[in-house]
Amino acid sequence: MNLLEIEPLSEHTGHRIKQNLKFKTGKFIWRVRFTAPLNPTTVNNVNMFVTDAETGSVLRTTIRYNSETNEVEIEPLEAYAKNTAYILNVTKNVRSKGGQNLKDEIKIKFTV
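Worth saying up front: this structure is predicted, and the values here are computed from it rather than measured.

*Asks:* Would you take a moment to explain the pattern of salt bridges for this structure?
*Replies:* If charged atoms from side chains of opposite charge come close, those side chains can pair. For the structure shown, the criterion picks out five salt bridges. Across the salt bridge formed by Arg60 and Glu78, the nearest N and O atoms sit 3.4 Å from each other. In this pair, Arg60 is assigned in the loop between strand E3 (48-52) and strand E4 (61-66) and Glu78 in the loop between strand E5 (71-76) and strand E6 (85-90), connecting sequence segments 18 residues apart. For Arg64, the salt bridge is made with Glu73, and the minimal N-O distance between the two is 3.1 Å. Through salt bridges that share partners, Arg31, Arg64, Glu73 and Glu75 make up one connected network.

Structure, rendered in structure tokens:
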């Protein structure tokens, strides 16, 4: 049973989204795995953020990067509101350690 309704808004991302939630919560953490090591200075709230799909307002989040697994965690500081749509945004400004920008931006719409 899926606990989130997810709608990929970016091309080529739909088949890469996996949902592994064991319980219903309003403060789940997004984990985004990259295929190459990232430049940690580009892993921040400017280049990765969550917005309210209706108002466009940016939610306050904590961003963590694990250089061993190439995973970024995006954790909300406040719970997501029930029956509200949000968009996870990852911009092209995220760069690899080698200086390559992300090829395509990622936008994923989800409703808790």
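*Asks:* Whenever I open this one, unusual backbone geometry confuses me. Can you help?
*Replies:* The phi angle of most residues is negative, glycine excepted, and most peptide bonds adopt the trans form. In this structure, Asn70 takes a positive phi of about 55° despite not being glycine. Residue placement: Asn70 occurs in the loop between E4 and E5. Here Asn70 falls in the buried class, since its relative accessible area comes to 13%. Unusually for a residue other than glycine, Asn83 sits at a positive phi of about 60°. Among the secondary structure elements, Asn83 is positioned in the loop between E5 and E6.

The rules behind the values
Residues numbered from 1 in each chain as written. Predicted model: local features only at pLDDT ≥ 70, side-chain atom pairs only at ≥ 80, totals over all residues. Heavy atoms only, no water. Salt bridge = Lys/Arg side-chain N within 4 Å of Asp/Glu carboxyl O. Helix = DSSP H or I, 4+ residues; strand = E, 2+ residues; numbered from the N terminus. Buried < 20%, exposed > 50% of the residue type's maximum accessible area, 1.4 Å probe, protein only.

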